[in-house]
Every structure is written in C-alpha cells, then in structure tokens.
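Read off the chains here:
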Amino acid sequence: MTTTYLITGANRGIGLEMSRQILQSGDRLYAVCRNPETASELNNLVHGSNGHGQIFKSDACDEVSLANIADKIVGGIDVVVCNAGVMSARGGLNDAANNAASVATVLMTNTAGPFFTARAFYKNLKLSSAPRICIISSYMGSQQHQGASAYFYRASKAGANNIMVTLANELKADGITVTSFHPGWVKTEMGGSGADITVEESASGLIQQFQALKISKTGTFLNYDGKSLPL
Ligand SMILES: NC(=O)c1ccc[n+]([C@@H]2O[C@H](COP(=O)([O-])OP(=O)(O)OC[C@H]3O[C@@H](n4cnc5c(N)ncnc54)[C@H](OP(=O)(O)O)[C@@H]3O)[C@@H](O)[C@H]2O)c1
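This text gives an overview of the structure that appears in the document. This one's a predicted model, so the numbers in the text were calculated from it and none came from an experiment.

### Considering the side chain of Asn161
Next, step 1: Position of Asn161 relative to the elements: it lies in helix α5 (residues 151-171).
Next, step 2: Residue Asn161 is classed as buried on the basis of its relative accessible area, which comes to 3%.
Next, step 3: Separated by 2.9 Å, the side chains of Asn161 and Ser137 make a polar contact.

### Structural notes on the site of the ligand
Next, step 1: Around the ligand, the structure places 26 residues, and the nearest of them are Asn11, Arg12, Arg34, Tyr153 and Thr188.
Next, step 2: Interatomic distance of 2.8 Å between a backbone N/O atom of Ala60 and a nitrogen atom of the ligand.
Next, step 3: Here the ligand has 890 Å² of accessible area as a free molecule, and 93% of this is covered by the chains.
Next, step 4: Listed by contribution, the elements that provide at least two residues to the shell around the ligand are α1 (13-24) and α5.
Next, step 5: Looking at the shell around the ligand, its residues break down into 9 nonpolar, 12 polar and 5 charged.

### Quick word on unusual backbone geometry
Next, step 1: Despite not being glycine, Asn50 shows a phi value in the positive range, around 55°.
Next, step 2: What makes Asn50 exposed here is its relative accessible area of 74%.

What counts as what
- Residues numbered from 1 in each chain as written.
- Predicted model: local features only at pLDDT ≥ 70, side-chain atom pairs only at ≥ 80, totals over all residues.
- Heavy atoms only, no water.
- Helix = DSSP H or I, 4+ residues; strand = E, 2+ residues; numbered from the N terminus.
- Buried < 20%, exposed > 50% of the residue type's maximum accessible area, 1.4 Å probe, protein only.
- Polar contact = N/O pair within 3.5 Å; in protein donor to acceptor, adjacent residues only side chain to side chain.
- Near = heavy atom within 4 Å.
- Areas by Shrake-Rupley, 256 points an atom, 1.4 Å probe, with all protein chains shown as cover.
- Nonpolar A, V, L, I, M, F, W, Y, C, P; charged D, E, K, R; others polar.

Here's what the structure looks like:
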C-alpha cells in the first residue's frame, strides 16, 4: 500500500535523502522547503517521480504558510516528518555565538517548528488510517547525554522531545502516533564529514522505523535503527 509523507527541510541533508528514497519506493511525497527555486536536487527528484512528488515553499516556523499548504493538499497524509532543523553555537558558556538572535532561531526552528507543523497538518493526518508524526530530534537533547557544550541546540532538542510527549498525550485519542527520532551522527552539512554514518544509512533506517511505527510506540524516543533512547 502506498504511504503519503510530508517532510520539512526536504531540500538537503537527511530530508533530501529521505525524499529520494520515498520517491524511489513509489510512495507519495509532499516536500516542504524554504527556497524551492534554488532546490535543484529536490526539483530533479520530484520531476522524475511520475507525479508522486510535489514541492511547497515554507519556513518551518511560518504558521500561515504551513496552514496554506495544508489547505492545498487534497486528502490525507500518513506520515508528517518534522525534519527541518538548525545547529546554533557549538561551544560552551563563553561562546559569543550564544546571542539572543541565534538562541531565538534555534528554539523557534527546532522546538516550535515541530509544533507548528503538527498543528498545520493535523487535519490531513486525521484522514489517514495510520497517522504518524515523526520528529527528527537528536540524542544531544537527551537528559542522559553527557555533553558540556552546544547549550541551545541541546535545549531545543530536549524541548522538541517534550513537545513530542505532549502531542502524543493529546493526539492519542485521535489514534495519531507521535514519536521522536535520533537520526544518528550523519555526514551532512550539520553533522560534518567526520560523522559516523552516511545520509543513505540514516534515511533508510528512519524510513523503516516510520513504516513500522505503531501507536504502542507513541510518546517514545527512538534511534534510527529502532533502539529505544532515554528522553
Ligand atoms: N546530521 C546529524 O548528525 C544530526 C544529528 C542529530 C540530529 N540531526 C537533526 O536532523 C535534522 C536534519 O539535519 P541535517 O543533518 O540534514 O541538517 P542540514 O544538512 O543542515 O539540513 C537542514 C535542513 O533544515 C532546513 N531548515 C533549517 N531551518 C529551517 C527553517 N526555519 N524552516 C525550514 N527549513 C529549515 C534547511 O533548509 P535551508 O537549506 O533552507 O537552510 C535544510 O533543509 C535536523 O533536525 C537536525 O537537527 C542531525
């Protein structure tokens, strides 16, 4: 059976690779990104997809444009993937890059973005027989992670996990599964070339987990290979 996905931040990194693998498997994709006009790889994928893909323009924090996209989508969405994310200052207490503007951007994008995305596409999810919201978080947001830097990235992903739990509690009555995922340490612009795994490995693991996701896993935090992680 065909699965319909919506992915934010679909133009590069893990979002682009998930988009590629979803379209290759014949599933349907709504790809959301900030600048479709310059997203050449995504445009090539969608143009070669026999009408299975469609690109929409939105920032992950722009409630109005997300709601407009939801209105344009006729029919249901099975899996909403809140993938758009940004890394802020990577240093410690004295990292000057921890300023008000960068803190606002990282918290809005990584913590509020998944909330706005879930709210916008709730009505499309309600039309699915197996609705799922998958938030791409990070193990750096776990309270068990022993990191001593990247304060606001860590806080933003801890916040995303907390948003996930609250959404899971509220949407359980609708049968919507809400789960957050650590994609691994992945070789992307954010992860860097020294990261552990390729974007292909991360994306294929995540998609397998999305496909297998059941309501029994709502409110949990999973690794890209399905292993449970502590919140
Ligand atoms: N790579 C890793 O090792 C790793 C580890 C743990 C978690 N993650 C998480 O995995 C997700 C994807 O990361 P990645 O490695 O693929 O990063 P990436 O290569 O830096 O790509 C980030 C994506 O997010 C988009 N984005 C950022 N801010 C946005 C906003 N306000 N609205 C819409 N789109 C926005 C970017 O779009 P633009 O091109 O427009 O900037 C881009 O498509 C993120 O949530 C990240 O925190 C990554």
